[in-house]
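# What the coordinates show
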Amino acid sequence: VQLVESGGGLAQAGGSLSLACEASGSITSIHDMSWHRQAPGKQRELVASITSGGHTKYADSLKGRFTISRDNTKGSIYLQMNNLKPEDTARYYCNADITVSSGNSYYYWGQGTQVTVSS
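Below you will find a few notes about this structure. Since the structure is predicted, the reported quantities are computational estimates derived from the model, not experimental observations.

### What to know about the overall build of the protein chain
Secondary structure summary: the protein chain contains zero helices and eleven strands in total. Relative to its full complement of 119 residues, the protein chain shows a buried share of 39%. Summarising the internal contacts of the protein chain: among those between residues at least 6 apart in sequence, 54% fall at separations of at least 24. In the structure as shown, the protein chain presents an accessible area of about 6,400 Å², 46% of it carried by carbon and sulfur atoms. Once the 10 positive and 9 negative side-chain charges of the protein chain are each reduced to a mean point, those two points are 4 Å apart.

Set out below in structure tokens:
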């Protein structure tokens, strides 16, 4: 199983960026998926999560600026980030709870994609 993130890059404060994450491999089902981020010298933190049914949760500090969405047919989640701030600069990681062909379930992480916001 692989999670591959795309998108990200450099944006100015007040701008927007979008991220995508696609799961692939010997997957039976994908349950909760989420975005996390880690800035240099800081712990990794939850940005947003979404269930297979589309129920979403956000970090309180990001509500209203970030939107998570999901396409179950593609095994993908997305993160739309608006009104970006320099403090949003971090490496963004995708995480998913996946049941594989063996019947076991595991949490998988992507390699991350860098988001840099300039002031």
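Now that the structure has been shown, the text picks up again.
### Quick word on unusual backbone geometry
For Asn 83, which is not a glycine, the phi torsion comes out positive at approximately 50°. Among the structural elements, Asn 83 can be located in the loop between β8 (76-81) and β9 (90-100).

### Thoughts on the environment of Glu 5
For Glu 5, the position within the fold is in strand β1 (residues 2-7). Distance in space between the C-alpha atoms of Glu 5 and Arg 70 is 14 Å, their sequence separation being 65 residues. When neighbours within four sequence positions are excluded, Glu 5 is seen to be in contact with Ala 20, Cys 21, Trp 35, Tyr 92, Tyr 93, Cys 94, Gly 110, Gln 111, Gly 112 and Thr 113. Only 2.8 Å separates the side chain of Glu 5 from the backbone nitrogen of Cys 94, close enough to count as a polar contact. A polar contact of 3.1 Å, which involves the side chain of Glu 5, links it to the backbone nitrogen of Gln 111.

### Quick notes on the state of the cysteines
One pass over the full model with this rule turns up one disulfide. Bridging Cys 21 to Cys 94, the disulfide has an S-S length of 2.1 Å. Judged by the sign of its S-S torsion, about -75°, the bond between Cys 21 and Cys 94 is left-handed. Of this pair, Cys 21 sits in strand β3 (residues 17-24) while Cys 94 sits in strand β9, and the two are 73 residues apart along the sequence. Cys 94 shares its class with Cys 21; the two are buried.

### A few points about the environment of Gly 8
For Gly 8, the location among the structural elements is in the loop between β1 and β2 (9-12). For Gly 8, a relative accessible area of 22% gives the class partly exposed. Sequence separation between Gly 8 and Gly 64 is 56 residues; the distance between their C-alpha atoms is 19 Å.

### Structural notes on the sheet that holds strand β7 (residues 66-71)
The strands making up a sheet are joined through hydrogen bonds of the backbone, oriented either antiparallel or parallel. Spatial strand order, β1-β3-β8-β7: four strands in an open sheet with antiparallel pairing. Of all strands in the sheet, those with a lone pairing partner are β1 and β7, marking the two edges. Neighbour-to-neighbour, the strand axes of this sheet turn through a mean angle of 15°, independent of strand direction. Relative to β3, β1 runs antiparallel, the two sharing six bridges. Looking at β3, one finds that Glu 5 is bridged to Cys 21.

About the cut-offs
Residues numbered from 1 in each chain as written. Predicted model: local features only at pLDDT ≥ 70, side-chain atom pairs only at ≥ 80, totals over all residues. Heavy atoms only, no water. Helix = DSSP H or I, 4+ residues; strand = E, 2+ residues; numbered from the N terminus. Buried < 20%, exposed > 50% of the residue type's maximum accessible area, 1.4 Å probe, protein only. Contact = heavy atoms within 4.5 Å. Areas by Shrake-Rupley, 256 points an atom, 1.4 Å probe, with all protein chains shown as cover. Lys, Arg positive; Asp, Glu negative; His and termini not counted. Charge placed at Lys NZ, Arg CZ, Asp CG, Glu CD. Polar contact = N/O pair within 3.5 Å; in protein donor to acceptor, adjacent residues only side chain to side chain. Disulfide = S-S within 2.5 Å. Pairing = 2+ DSSP bridges. Axes fitted to C-alpha atoms, helices over the stretch in contact; angles between N-to-C directions.

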